Amino acid sequence: MIIAGNVISVLVFLSPVETFWKIVKRRSTEEYECLPYICTLMGSLLWTYYGIVTPGEYLVSTVNGFGVLAESIYVLIFLFFVPKPRILKTVALVLALNVIFPVIMIVGTRTAFGYAKTRSNSMGFICAALNIIMYGSPLSAIKTVVKTRSVKYMPFWLSFLLFLNGAIWAVYALLLHDVFLLVPNGMGFFLGTVQLLIYTFYRNAKPNKEDEEEALAPSLPLLS
């Protein structure tokens, strides 16, 4: 079960490849949201640290170390191609969630707790809370989906694999009677289900062309 969970986790990290290939080809992020990738990078950073400081959790550190590498590439691509009106907001989010917050959490837990086990448990609790944010982050695209009646900017594979990841880890947590593992992944299963239902509802809907063009207008690069 844990091997299956780690395989799915790797697939979650690889699922945005198609989206970012489109971004590179179009040389614009258009209306894609950066929050899912920034949140996943934040979670991967802290889970990697948790795996390093917790005995017997080397698989956690290795799979999330891969996640740090993959998500860092996605975030850098996003920063390179994000339209100018959104660049400051995106940079601020990256600095706040991928630099400042992880440093505060790591330094804070090391300073506040003297025992290694207590530090490990506190970081595990923080990571579990962040997992809920990661699972829900694709929901940030819902406003665009509803407005344009199009799922163009809601990546299906990311939503599907987050749903599958939550389901597998939730079952594993039930078998172990592990509440801290069950809560975030149970929420992940629920939020993933919501995302897939929204995707299913709008997948064959007739797009609202006017709203789609209006949404894209600020993101189109100016011709020189």
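- An unreviewed UniProt entry annotates the protein as Bidirectional sugar transporter SWEET of Brassica napus.
- The annotation that UniProt attaches to the protein under Subcellular location (unreviewed entry) is "Endomembrane system".
- In its Sequence similarities (unreviewed entry) section, UniProt records this for the protein: "Belongs to the SWEET sugar transporter family."

1. Description of the overall build of the protein
For step 1, the next point in the chain: When helices and strands are counted, the protein shows ten helices and zero strands.
For step 2, the next point in the chain: Every one of the 224 residues in the protein was classed for burial, and the buried ones make up 46%.
For step 3, the next point in the chain: Working note: accessible area of the protein is about 12,200 Å², and carbon and sulfur atoms make up 72% of it.

2. A look at the packing of aromatic side chains
For step 1, the next point in the chain: Under the criterion given, the structure shown has nine aromatic pairs.
For step 2, the next point in the chain: Taking the centre distance of 4.9 Å and the plane angle of 85° together, the rings of Phe80 and Phe81 count as edge-to-face.
For step 3, the next point in the chain: Of the residues examined, Phe80 reaches a relative accessible area of 61% and is grouped as exposed.
For step 4, the next point in the chain: Among the residues examined, Phe81 registers a relative accessible area of 12% and is labelled buried.

3. Looking at a nonpolar patch on the surface
For step 1, the next point in the chain: A cluster of nonpolar side chains, namely Val91, Leu95, Val99, Ile100, Val103, Ile104 and Val107, defines an oily patch on the protein surface of about 560 Å² accessible area.
For step 2, the next point in the chain: Within the fold, Val99 resides in helix 5 (residues 84-112).

4. Structural notes on the nonpolar core
For step 1, the next point in the chain: Counting 26 residues, the largest nonpolar core has Val12, Phe20, Tyr37, Val75, Phe78 and Leu162 as its most contacted members.
For step 2, the next point in the chain: When contributions to this core are tallied by element, the ones reaching two or more residues are helix 1 (2-14), helix 2 (17-26), helix 3 (35-53), helix 4 (58-81), helix 6 (116-136) and helix 8 (156-176).
For step 3, the next point in the chain: With seven residues, the single largest contributor to this core is helix 4.
For step 4, the next point in the chain: Counting residues in hydrophobic clusters, the runner-up holds eleven residues, among them Met42, Trp47, Met105 and Leu130.

5. Here we look at the packing of helix 2 against helix 4
For step 1, the next point in the chain: Packing of helix 2 against helix 4 brings their axes to within 10 Å, and their N-to-C directions diverge by 25°. As judged from the angle between their axes, helix 2 and helix 4 are roughly parallel. Every pair of crossing elements has a handedness; the one defined by helix 2 and helix 4 is left-handed. Contact residues: Val17, Phe20, Ile23 and Val24 in helix 2; Tyr74, Ile77, Phe78 and Phe81 in helix 4.
For step 2, the next point in the chain: Classifying every residue of the contact of helix 2 with helix 4 gives eight nonpolar, no polar and no charged.

Scoring rules and cut-offs
- Residues numbered from 1 in each chain as written.
- Predicted model: local features only at pLDDT ≥ 70, side-chain atom pairs only at ≥ 80, totals over all residues.
- Heavy atoms only, no water.
- UniProt positions renumbered as here; feature names shortened; annotations may be inferred.
- Helix = DSSP H or I, 4+ residues; strand = E, 2+ residues; numbered from the N terminus.
- Buried < 20%, exposed > 50% of the residue type's maximum accessible area, 1.4 Å probe, protein only.
- Areas by Shrake-Rupley, 256 points an atom, 1.4 Å probe, with all protein chains shown as cover.
- Phe/Tyr/Trp six-rings, centres within 6.5 Å; stacked < 30°, edge-to-face > 60°.
- Patch = residues over 30% accessible without salt bridge, like charges linked within 9 Å, V, L, I, M, F, W, Y side chains within 5 Å.
- Salt bridge = Lys/Arg side-chain N within 4 Å of Asp/Glu carboxyl O.
- Core = buried A, V, L, I, M, F, W, Y, C linked by side-chain atoms within 4.5 Å.
- Axes fitted to C-alpha atoms, helices over the stretch in contact; angles between N-to-C directions.
- Parallel < 35°, antiparallel > 145°, perpendicular 65-115°, else oblique.
- Left-handed = near helix turned anticlockwise from the far one by under 90°.
- Contact = heavy atoms within 4.5 Å.
- Nonpolar A, V, L, I, M, F, W, Y, C, P; charged D, E, K, R; others polar.

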